[in-house]
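Residue-level structural notes
Chain by chain, the residues run as shown.
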Amino acid sequence: MYHTMDLSEAEQRARTREERRQIVERYDQGREDGVVIDDWEDPKFEIYHTQDRYGFIHDQRLPDDFGRSAREQKQLDKEMSRVDKWLKMLSEGNKWFPRGARHHEKMVERVWKGVPERLRGTLWRILLDIDRIKQEQEGKYQEMKEIARHHSPDIRQIDLDVNRTYRDHIMFRERYNSRQQDLFHVLAA
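Residues numbered from 1 in each chain as written. Predicted model: local features only at pLDDT ≥ 70, side-chain atom pairs only at ≥ 80, totals over all residues. Heavy atoms only, no water.

1. Considerations on the environment of Asp84
If you trace the backbone, Asp84 turns up in helix H2 (residues 70-91). For the pair formed by Asp84 and Pro116, sequence separation is 32 residues and the distance between their alpha carbons is 9.7 Å. (Helix = DSSP H or I, 4+ residues; strand = E, 2+ residues; numbered from the N terminus.)

2. Here we look at the packing of aromatic side chains
Counted under the stated rule, the structure contains 4 aromatic pairs. Plain terms: the ring middles of Tyr27 and Phe184 are 3.8 Å apart, the flat faces sit at 5° to each other, and that makes the pair stacked. One end of the pair, Tyr27, is in helix H1 (residues 9-29); the other, Phe184, is in helix H9 (residues 178-188), with 157 residues separating them in the sequence. Centre to centre, the rings of Phe56 and Tyr166 are 5.3 Å apart; their planes meet at 75°, and the pair counts as edge-to-face. In this pair, Phe56 sits in the loop between H1 and H2 while Tyr166 sits in the loop between helix H8 (155-164) and H9, placing the two residues 110 residues apart along the sequence. (Phe/Tyr/Trp six-rings, centres within 6.5 Å; stacked < 30°, edge-to-face > 60°.)

3. As for the packing of helix H7 (residues 140-151) against H9
A pair of packed helices can be characterised by two numbers: the angle between their axes and the separation between those axes. In contact at an axis separation of 8 Å, H7 and H9 are set at 85° when each is read in the N-to-C sense. One finds that H7 runs roughly perpendicular with respect to H9. Between H7 and H9, the residues in contact are Tyr141, Lys145, Ala148 and Arg149 and Asp182, His185, Val186 and Ala188, respectively. Looking at the contact of H7 with H9, its residues break down into 4 nonpolar, 1 polar and 3 charged. (Axes fitted to C-alpha atoms, helices over the stretch in contact; angles between N-to-C directions. Parallel < 35°, antiparallel > 145°, perpendicular 65-115°, else oblique. Contact = heavy atoms within 4.5 Å. Nonpolar A, V, L, I, M, F, W, Y, C, P; charged D, E, K, R; others polar.)

4. Some thoughts on the nonpolar core
Listed in full, the 12 residues of the largest apolar core are Ile23, Val24, Tyr27, Val35, Ile37, Ala148, Ile155, Ile158, Val162, Tyr176, Phe184 and Ala188. Of all the elements in the fold, those that place two or more residues in this core are H1, H8 and H9. Setting aside residues no more than four positions away along its own chain, Val24 makes contact with Arg149, Ile155 and Phe184. Grouped together as the second largest cluster of nonpolar side chains are 9 residues, Phe97, Met107, Leu119 and Leu123 included. (Core = buried A, V, L, I, M, F, W, Y, C linked by side-chain atoms within 4.5 Å. Buried < 20%, exposed > 50% of the residue type's maximum accessible area, 1.4 Å probe, protein only.)

As structure tokens, this is what we get:
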């Protein structure tokens, strides 16, 4: 291996372009047959009894649900009681979510009390008005991805960051899987 001090600026740019091309190609290929993944990047795992409800992997067996403390059970019961309220609110979205809607203040109050975990993604999509933004900026994300693929000076750092992101989470554990690909593209764009 040679140091960048030994290379001219043009050689450094060429080397960076080639490295960026190789990294992008690996994400495009994903986990298809024939892809080369270093062992240190793709640990083997046994997850059947070590994954918590959030998808994180633990080194030892987790306590079963019967071992919940009174406080944990009370929290779970409270969240479950909120699910029905939130499902009703989501089904009647125009009454609750737009500014100036009849029940907007009540919705804000309920947000402060806590949104059930299983509905948080849906609520974020509504509050950020993602559907409208996607419609207004159709194709923009794809355009940004393409620009990053060919010109981003940060591809190597993004690749390093993606590989070490939540290494103990089931969705990011395997190198170049679909979740790592999605994260790579979002960060690059």
